[in-house]
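Next come the chains, spelled out residue by residue.
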Amino acid sequence: MTAIKHALQRDIFTPNDERLLSIVNVCKAGKKKKNCFLCATVTTERPVQVKVVKVKKSDKGDFYKRQIAWALRDLAVVDAKDAIKENPEFDLHFEKIYKWVASSTAEKNAFISCIWKLNQRYLRKKIDFVNVSSQLLEESVPSGENQSVTGGDEEVVDEYQELNAREEQDIEIMMEGCEYAISNAEAFAEKLSRELQVLDGANIQSIMASEKQVNILMKLLDEALKEVDQIELKLSSYEEMLQSVKEQMDQISESNHLIHLSNTNNVKLLSEIEFLVNHMDLAKGHIKALQEGDLASSRGIEACTNAADALLQCMNVALRPGHDMLLAVKQQQQRFSDLRELFARRLASHLNNVFVQQGHDQSSTLAQHSVELTLPNHHPFHRDLLRYAKLMEWLKSTDYGKYEGLTKNYMDYLSRLYEREIKDFFEVAKIKMTGTTKESKKFGLHGSSGKLTGSTSSLNKLSVQSSGNRRSQSSSLLDMGNMSASDLDVADRTKFDKIFEQVLSELEPLCLAEQDFISKFFKLQQHQSMPGTMAEAEDLDGGTLSRQHNCGTPLPVSSEKDMIRQMMIKIFRCIEPELNNLIALGDKIDSFNSLYMLVKMSHHVWTAQNVDPASFLSTTLGNVLVTVKRNFDKCISNQIRQMEEVKISKKSKVGILPFVAEFEEFAGLAESIFKNAERRGDLDKAYTKLIRGVFVNVEKVANESQKTPRDVVMMENFHHIFATLSRLKISCLEAEKKEAKQKYTDHLQSYVIYSLGQPLEKLNHFFEGVEARVAQGIREEEVSYQLAFNKQELRKVIKEYPGKEVKKGLDNLYKKVDKHLCEEENLLQVVWHSMQDEFIRQYKHFEGLIARCYPGSGVTMEFTIQDILDYCSSIAQSH
């Protein structure tokens, strides 16, 4: 580009007294690329004229020629298209708009920058710069090729600096002093040289004068050093004089230190004596309370508690090094140990007596609870024992062996007491479930233990009795050996649900109260313990509550949590077996009771886990919940097995299958029981298994049916299933509901087509032949020329089907359908309407073939669509 610029300057612009400032290689936008150059020039003569010149390469040679020139004052707008992104396009608005595309964005920017500077320098009229970056419009000295904008004459102008007023005044004074300066420059220069020499001499004189001042300063410094030496000699003499004073002061200081040390030792000795007296002295009142205090009264318990705390403080005092070697200290410690042993024996003996007495007192109240479904209240006993809680804490920290013995005794006495209470309680619950004691023997209830020992035969007898009434109608269709839950009265189920809920509601506060009491009385932390099993409590029977700790050593926190769990397991070891027996009884009475038990047990487990997920109650109820869930799964499996064992009669029509009706009953009952229940997921899984079993076995029975057509069995039963699911709106069975509807629709259509068959058989065979000829390539309007399918043959076939014969055929068909369908589902009119639609479809098909293959023949059927509608309507009304 530089070479081209120099060539253009030399060949085109220098002959015209112009100077080239900027150049850009462009082509017109939107046309074939014919490159040319836009040049920004100024004239070298005044006044300066600024132009934009278009230069193009000649077609005949390699030289350039000037094509067109515009004055810069005629330029109105420069449009750079985009001020942010790089874009080589730009527009120049002269008398019209010229659109250009530069060879590069850099050349475009340089050219626009030059135009802007020329506009700022030479034109009064300001050009509008549109979509131009502000960086290009800054008035700064440019670089590169555009330096020529300020080159030449402009550079001379830029380097000139105007004199300020002070400089002008100095020059005028100098010129006035040498009037001949203008006429005789040499004389002026010689004068200036002489004045410069005079100034140099003055400078030298000034330097020599300053050297004398330096010498004077050096002399003063020497005198100051001599004075310093004299002062140091005096200070040395003073130090020698003070040395003797220092030695005397050191002696006095050492004497004072020895006196201070003696005083300190006396103070420390007094402090030690006061410490031992204050911390190892037990009041006489406390000693008497420990030896003879009344542990039965509230005041005596309080006095013994205060005395025990004081004794513990004295025994646990942190002795300082050397105290244990003093004889008085040893004697006092022995006295404290004797008091501790004495009081620990008294306390353990008294509490053992309280435990035994509580067992006797509580047994006397069992009789009044035997007829009511309630458990005795242990709150008064807990309240009385909690008065000894602080003493138990003291015993735990001072004599762990006796504390452990008390714990074992408490578990032994209370476990026997609770076992009697709980077994009697469950005995009452079982009696209430079965009605009377006599009836309960049918289920194997013998004695007060409440264990279930009934035989299978008694259960089967109950099953037969309870299921006989409801199944009288379907006994010929279904042979099931086991009891159906739907045979029992709804009131009995409600009664069972209330009794089971009351049992759980009585057990829950009993366990929580006992666990809270154990934690407070035995001073054990009860939260965040791990769940345990019954096997872990076996060690408690042998008195090995804590095999890892010696007497007097307290348990760590984790072991205390385990200890509460083990104590609860030992005390309430009969709860889980009794609950399992009760659940087994409920399941024998009615297998659908497992639904009630699953919901109730789940709710109580959820409540217990919210209180303490690792508590004995939560763990026990969780274990029982597993049993209930197992019974629930067994109930579902039994229903599926009963579906698979269904046997149908060969002599009567099938109708709605028993297990389809029983699924409806189960779903309705389950939805009412599981409303807002925590274990909804278990029911949804059961629904899925049951509905799959229903679908499979409906199809199985339909395939085996001899009296009733397969499509009718499938249609009626899947219609019933669809209606049931639509009514109950079970969200997890939406897909099965759609599937049931589809199966119902498919088999309805299949049955209609199969039953309807070909009502106009000869006519149908005739038109099948017509369609076969058309399929072979014969045109429809030429079929009538075939000998076997001419108009006479068509009329002959049509005459065989007058309206009377058609009505008779439809009447026989209606009777046949009525024999196949059952009254329970009431689908006769639906099926008949579908058959009517199918018959009309076939009729229209025949009419269409007649119109296309026999045009203008005037041949028509001897009955109309309206006749078909009238026939069907009258037949339906007559039956």
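Let us look at the structure shown here. Just so it is clear, the structure is predicted and the values come from calculations on it, not from any experiment.

Rules of the game
Residues numbered from 1 in each chain as written. Predicted model: local features only at pLDDT ≥ 70, side-chain atom pairs only at ≥ 80, totals over all residues. Heavy atoms only, no water. Helix = DSSP H or I, 4+ residues; strand = E, 2+ residues; numbered from the N terminus. Contact = heavy atoms within 4.5 Å. Areas by Shrake-Rupley, 256 points an atom, 1.4 Å probe, with all protein chains shown as cover. Phe/Tyr/Trp six-rings, centres within 6.5 Å; stacked < 30°, edge-to-face > 60°. Buried < 20%, exposed > 50% of the residue type's maximum accessible area, 1.4 Å probe, protein only. Axes fitted to C-alpha atoms, helices over the stretch in contact; angles between N-to-C directions. Parallel < 35°, antiparallel > 145°, perpendicular 65-115°, else oblique. Left-handed = near helix turned anticlockwise from the far one by under 90°. Nonpolar A, V, L, I, M, F, W, Y, C, P; charged D, E, K, R; others polar. Pairing = 2+ DSSP bridges. Expected span 1.5 Å × (residues − 1). Core = buried A, V, L, I, M, F, W, Y, C linked by side-chain atoms within 4.5 Å. Domains from an automatic or database assignment. Patch = residues over 30% accessible without salt bridge, like charges linked within 9 Å, V, L, I, M, F, W, Y side chains within 5 Å. Salt bridge = Lys/Arg side-chain N within 4 Å of Asp/Glu carboxyl O. Polar contact = N/O pair within 3.5 Å; in protein donor to acceptor, adjacent residues only side chain to side chain.

## Considering the overall build of the protein
Of the regular secondary structure elements, the protein holds 28 helices and eight strands. Within the protein, counting contacts between residues at least 6 apart in sequence, those at least 24 apart form 70% of the total. Here the protein has roughly 49,600 Å² of accessible surface; of this, 52% comes from carbon and sulfur atoms.

## Digging into the packing of aromatic side chains
For the structure shown, the criterion picks out 30 aromatic pairs. Judged by centre distance (5.2 Å) and plane angle (70°), the ring pair of F355 and Y410 falls under edge-to-face. Taken together, the positions of F355 in helix α8 (residues 327-363) and Y410 in helix α12 (residues 400-434) put the pair 55 residues apart, joining distant regions of the chain. According to the relative accessible area criterion, F355 is buried, its value standing at 1%. Taken together, a centroid distance of 5.4 Å and an interplanar angle of 65° make the contact between Y410 and F522 edge-to-face. One end of the pair, Y410, is in helix α12; the other, F522, is in the loop between α15 (490-521) and α16 (557-571), and 112 residues separate them in sequence. Within the aromatic cluster, the residues linked to one another by ring pairs are F355, F381, Y400, Y403, Y410, F517, F521 and F522.

## Things to note about the packing of helix α21 (residues 680-704) against helix α22 (residues 710-728)
Two quantities define a packed helix pair, namely the angle between the axes and the distance from one axis to the other. Interhelical geometry of α21 versus α22 gives an angle of 160° and a closest axis separation of 8 Å. Comparing their axes, α22 and α21 come out roughly antiparallel. Crossing handedness for the pair α21 and α22: right-handed. Residue-level contacts link I691, V694, F695, V698, E699, A702 and N703 of α21 to R710, V713, M714, N717, F718, I721 and L725 of α22. Its residues assigned to classes, the contact of α21 with α22 comprises ten nonpolar, two polar and two charged.

## Remarks on the sheet that holds strand β6 (residues 89-93)
Pairing in this open sheet of eight strands is mixed, and the strands run β4-β3-β2-β1-β7-β6-β5-β8 from one edge to the other. What marks the edges here is a single partner per strand, and that holds for β4 (64-71) and β8 (128-130). With strand direction ignored, the average angle separating the axes of adjacent strands in the sheet is 30°. Relative to strand β3 (residues 50-57), strand β2 (residues 36-43) is paired through six bridges, and the arrangement is antiparallel. Its bridge partner being in β3, A40 is matched across the sheet by V52. Along the sheet, helix α2 (residues 105-122) contacts β1 (18-28), β2, β3, β5 (77-79), β6, β7 (97-102) and β8; its crossing angle with β1, the most-contacted strand, is approximately 140°.

## Points about the pairing of β2
Among the eight residues that make up β2, eight are buried, leaving the element largely enclosed by the rest of the structure. Across the two faces of β2 the burial is the same, with C36, L38, A40 and V42 and F37, C39, T41 and T43 all buried. Here eight bridges tie β1 to β2, and the two strands are oriented antiparallel to one another. When the bridges of β2 are listed, N25 appears paired with F37.

## What to know about helix α26 (residues 803-820)
Its 18 residues give α26 an end-to-end C-alpha distance of 26 Å, which sits within 8% of 26 Å, the value for a rise of 1.5 Å per residue. Taken together, the buried positions of α26 are occupied by G803, V806, L810, D811, L813, Y814, V817 and H820. As for α26, its buried residues are in contact with α22, α23 (734-756), α27 (828-853) and α28 (865-878).

## With respect to the nonpolar core
For soluble globular proteins, the rule of thumb is that nonpolar side chains tend to be buried together. Of all hydrophobic cores here, the largest spans 174 residues; its most connected members are Y410, V503, I518 and L763. It is α12 that contributes the most residues to this core, 14 residues altogether. Of the residues that make up this core, three or more belong to each of domain 3 (645-757) and domain 4 (782-876). With residues up to four places along the chain from it excluded, the contact list for I518 reads Y410, K523, L524, I564, M567, M568 and I571. V52, V78, W100 and L123 belong to the second-largest nonpolar core, a separate cluster that totals 30 residues.

## Side note on unusual backbone geometry
Cis peptide bonds are those with omega within 30 degrees of zero, and the linkage from R46 to P47 qualifies with -5°. On the secondary structure map, P47 appears in the loop between β2 and β3. The phi dihedral of K81 falls on the positive side, at around 75°, and the residue is not glycine. In this structure, K81 sits in the loop between β5 and β6. The class for K81 is partly exposed, based on a relative accessible area of 30%. Notably, N131 is not glycine yet its phi reads approximately 55°, a positive angle. Inspection of the secondary structure assignment puts N131 in the loop between β8 and α3 (153-159).

## Focus: the pairing of β3
From the end of β2 to the start of β3, which pair antiparallel, there are six residues. Strand direction decides the pairing type here: β3 and β4, joined by seven bridges, are antiparallel. What sits directly across from K57, in β4, is Y64.

## Topic: the packing of helix α19 (residues 616-644) against α21
Contact geometry of α19 with α21 gives a least axis separation of 9 Å together with a crossing angle of 10°. With respect to each other, α19 and α21 are oriented roughly parallel. In this structure, α19 uses K629, F632, I636, Q639, I640, M643 and E644 to contact α21, whose residues at the interface are D682, L683, A686, K689, L690, G693, V694, N697 and K700.

## So, a nonpolar patch on the surface
On the surface, V214, I216, L217, M218, L220 and L221 cluster together into a nonpolar patch covering about 570 Å² of accessible area. Counting through the fold element by element, L221 comes out in helix α5 (residues 185-279).

## A word on the side chain of S705
By the element assignment, S705 lies in the loop between α21 and α22. In terms of polar contacts, S705 uses its side chain to reach the backbone carbonyl oxygen of T708, at 2.6 Å. Setting aside residues no more than four positions away along its own chain, S705 makes contact with I648, V654 and V713.

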